Amino acid sequence: MLRNRLGIVLLTALAPAIWGSTYLVTTELLPPGRPLLAGVIRALPAGLLLIALTRRLPKGSWWWRSLVLGALNIGAFFALLFIAAYRLPGGVAATVGAVQPLIAAGLAAGLLGDRLTLRTLLSGIAGVVGVSLLVLRANARLDAIGVAAALAGAVVMATGVVLSKRWTSPAPLLATTGWQLTAGGLLLLPVALIVEGAPPSHLTGDNLLGYGYLTLIGAALAYALWFRGIRALPSTSVTFLGLLSPVVATALGWLVLGQDLSPVQGLGAVIVLGSLVAAQTQRPRAATPPTPPTAPPAAGPEADRPAVRT
């Protein structure tokens, strides 16, 4: 049982680790100033590909549920991430976004009946502290709209994770993933066209390589692993794994781009990894349901007889 859970956790952790490479791919391979276009290309082709492979469309309530989940997990989240990235330094945006596990824990307690433990709260606080040490800079400037967007992004992503746990799709995992990616991409498409205009008329080989990576690896594979983890693990445990993204992004910046890595950043990475381990090793406990009232004794002749001792 423990070995099986560990395997699921490690596979789920691949998703935020892959997302941590998005910054490197975006800065090194994609056209500058087109983050929304990157979001659309990342989500929509991957979703349509998975739908074509599975040949399954939503049925009944899953038409609107897929739209809601696609908006929360992908469409609205990408848009808010874009606003936060443009108005805030990356360290501030990542630090504000690190509150997502705490938000998910509160939502899971209210919507799923999960018990909110002191260990979860302390792990969530440690995660925020670790991410801030890892990526936050002393001269970082604050912007009210940017902070609000980063916080809203954490809220919608946490809500998407918890609702994905509450609404378990009867369809295969890849089909459900395809529905959400398609819905999120379609919602993001008009926003990208309005804000950024038409796609560039010329794309280089590096551009195509970057977009292909985001579509096949960053979306189709990563989101399938992510949603599989949501099905198998407590929602709060899954959201803690999202803290791996800034760790991987920082590590890739050091290894590939030659960026400096200070001892304080190393300490932050250790704290983040410690909070992840603490969250994953906690045994999930459901909230205790209220004790039903004891039914009164039945009326009638049987109730009037004295108890017989044997």
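Structure: see above.
Anyway, here's the lowdown on the structure attached to this text.

Definitions and limits used
- Residues numbered from 1 in each chain as written.
- Predicted model: local features only at pLDDT ≥ 70, side-chain atom pairs only at ≥ 80, totals over all residues.
- Heavy atoms only, no water.
- Helix = DSSP H or I, 4+ residues; strand = E, 2+ residues; numbered from the N terminus.
- Contact = heavy atoms within 4.5 Å.
- Phe/Tyr/Trp six-rings, centres within 6.5 Å; stacked < 30°, edge-to-face > 60°.
- Buried < 20%, exposed > 50% of the residue type's maximum accessible area, 1.4 Å probe, protein only.
- Lys NZ or Arg CZ within 6 Å of the ring centre and 35° of its normal.
- Expected span 1.5 Å × (residues − 1).
- Bend = angle between axes of the 7 residues up to and from the residue.
- Axes fitted to C-alpha atoms, helices over the stretch in contact; angles between N-to-C directions.
- Parallel < 35°, antiparallel > 145°, perpendicular 65-115°, else oblique.
- Left-handed = near helix turned anticlockwise from the far one by under 90°.
- Nonpolar A, V, L, I, M, F, W, Y, C, P; charged D, E, K, R; others polar.
- Patch = residues over 30% accessible without salt bridge, like charges linked within 9 Å, V, L, I, M, F, W, Y side chains within 5 Å.
- Areas by Shrake-Rupley, 256 points an atom, 1.4 Å probe, with all protein chains shown as cover.
- Salt bridge = Lys/Arg side-chain N within 4 Å of Asp/Glu carboxyl O.
- Core = buried A, V, L, I, M, F, W, Y, C linked by side-chain atoms within 4.5 Å.

1. Description of the overall build of the protein chain
Alright, step 1. Scanning the protein chain for helices and strands turns up 14 helices and zero strands.
Alright, step 2. Helices and strands in the protein chain line up, N terminus first, as α-α-α-α-α-α-α-α-α-α-α-α-α-α.

2. Notes on the side chain of Ser275
Alright, step 1. For Ser275, the position within the fold is in helix H13 (residues 263-280).
Alright, step 2. What Ser275 contacts, discounting residues up to four positions off in sequence, is Ser123, Ala126, Gly127, Phe240 and Leu243.

3. What to know about the side chain of Ser123
Alright, step 1. In this fold, Ser123 is placed in helix H7 (residues 118-135).
Alright, step 2. If we ignore the near neighbours within four places in the chain, the residues touching Ser123 are Phe240, Ser275, Ala278 and Ala279.

4. With respect to the packing of aromatic side chains
Alright, step 1. Taken as a whole and assessed by the stated rule, the structure comprises six aromatic pairs.
Alright, step 2. Ring geometry for Trp64 against Trp167: centres 5.3 Å apart, planes inclined by 80 degrees, an arrangement best described as edge-to-face. Here the residue Trp64 occupies a position in helix H4 (residues 62-87), and Trp167 occupies one in the loop between helix H8 (144-166) and helix H9 (173-196), the gap between them amounting to 103 residues.
Alright, step 3. Residue Trp167 is classed as buried on the basis of its relative accessible area of 15%.
Alright, step 4. Seen in terms of ring centroids, Phe77 and Phe78 are 6.2 Å apart; in terms of plane orientation they differ by 45 degrees. Their pairing is tilted. Across the pair, Phe78 and Phe77 agree in class, each one buried.
Alright, step 5. Three or more aromatic residues joined by ring pairs form one cluster here, namely Trp19, Tyr223, Trp226 and Phe227.
Alright, step 6. Against the face of Trp62 rests Arg65, its NZ or CZ located 5.7 Å from the ring centre.

5. Thoughts on H7
Alright, step 1. With 18 residues, H7 ought to run about 26 Å at 1.5 Å a step, and its terminal C-alpha atoms sit 26 Å apart, in line with that.
Alright, step 2. The set of residues buried in H7 consists of Thr120, Ser123, Gly124, Gly127, Val128, Gly130, Val131, Ser132, Leu134 and Val135.

6. Some details on helix H10 (residues 205-232)
Alright, step 1. End to end, H10 covers 39 Å across 28 residues, agreeing with the expected 40 Å (1.5 Å per residue, within 8%).
Alright, step 2. When the local axis directions of H10 are compared, the greatest deviation, roughly 30 degrees, occurs at Ala222.

7. Considerations on the packing of helix H3 (residues 35-54) against H4
Alright, step 1. Taken N-terminus to C-terminus, the directions of H3 and H4 make an angle of 155 degrees; their axes are 10 Å apart at the nearest point. As far as their axial angle goes, H4 and H3 are roughly antiparallel. Considering how the two elements wind past one another, H3 and H4 form a crossing that is right-handed. The segment H3 lies against H4, with Pro35, Leu36, Gly39, Arg42 and Ala43 engaging Ile74, Phe78, Ala79, Phe82 and Tyr86.
Alright, step 2. Grouping the constituent residues of the contact of H3 with H4 by class yields eight nonpolar, one polar and one charged.

8. So, a nonpolar patch on the surface
Alright, step 1. Together, Tyr23, Trp254, Leu255, Val256, Leu257 and Leu261 give the surface a local cluster of nonpolar side chains, amounting to about 620 Å² of exposed area.
Alright, step 2. The topology assignment puts Trp254 in helix H12 (residues 244-255).

9. Details of the environment of Leu24
Alright, step 1. Checked against the element boundaries, Leu24 lands in helix H2 (residues 22-29).
Alright, step 2. Note: C-alpha distance between Leu24 and Val256 (232 residues apart in sequence) is 8.6 Å.

10. Section: the nonpolar core
Alright, step 1. By size, the foremost hydrophobic cluster in this structure holds 64 residues, and its most contacted members are Phe78, Leu181, Tyr223, Trp226 and Leu243.
Alright, step 2. No other element matches the 10 residues that H4 contributes to this core.
Alright, step 3. If we ignore the near neighbours within four places in the chain, the residues touching Phe78 are Gly39, Arg42, Ala43, Leu188 and Tyr223.
Alright, step 4. Counting six residues, the second-largest nonpolar core is a separate cluster that includes Val25, Leu30, Leu37 and Ala38.

11. Overview of the environment of Val92
Alright, step 1. Along the polypeptide, Val92 turns up in helix H5 (residues 90-97).
Alright, step 2. Along the sequence, Val92 and Gly146 sit 54 residues apart, while their C-alpha atoms lie 9.1 Å from each other.

12. Here we look at the packing of H3 against H9
Alright, step 1. Two elements in contact, H3 and H9, have axes whose closest approach is 7 Å; the angle formed by their N-to-C orientations is 150 degrees. Considering their axes alone, H3 and H9 lie roughly antiparallel with respect to each other. For the crossing formed where H3 meets H9, the hand is left-handed.

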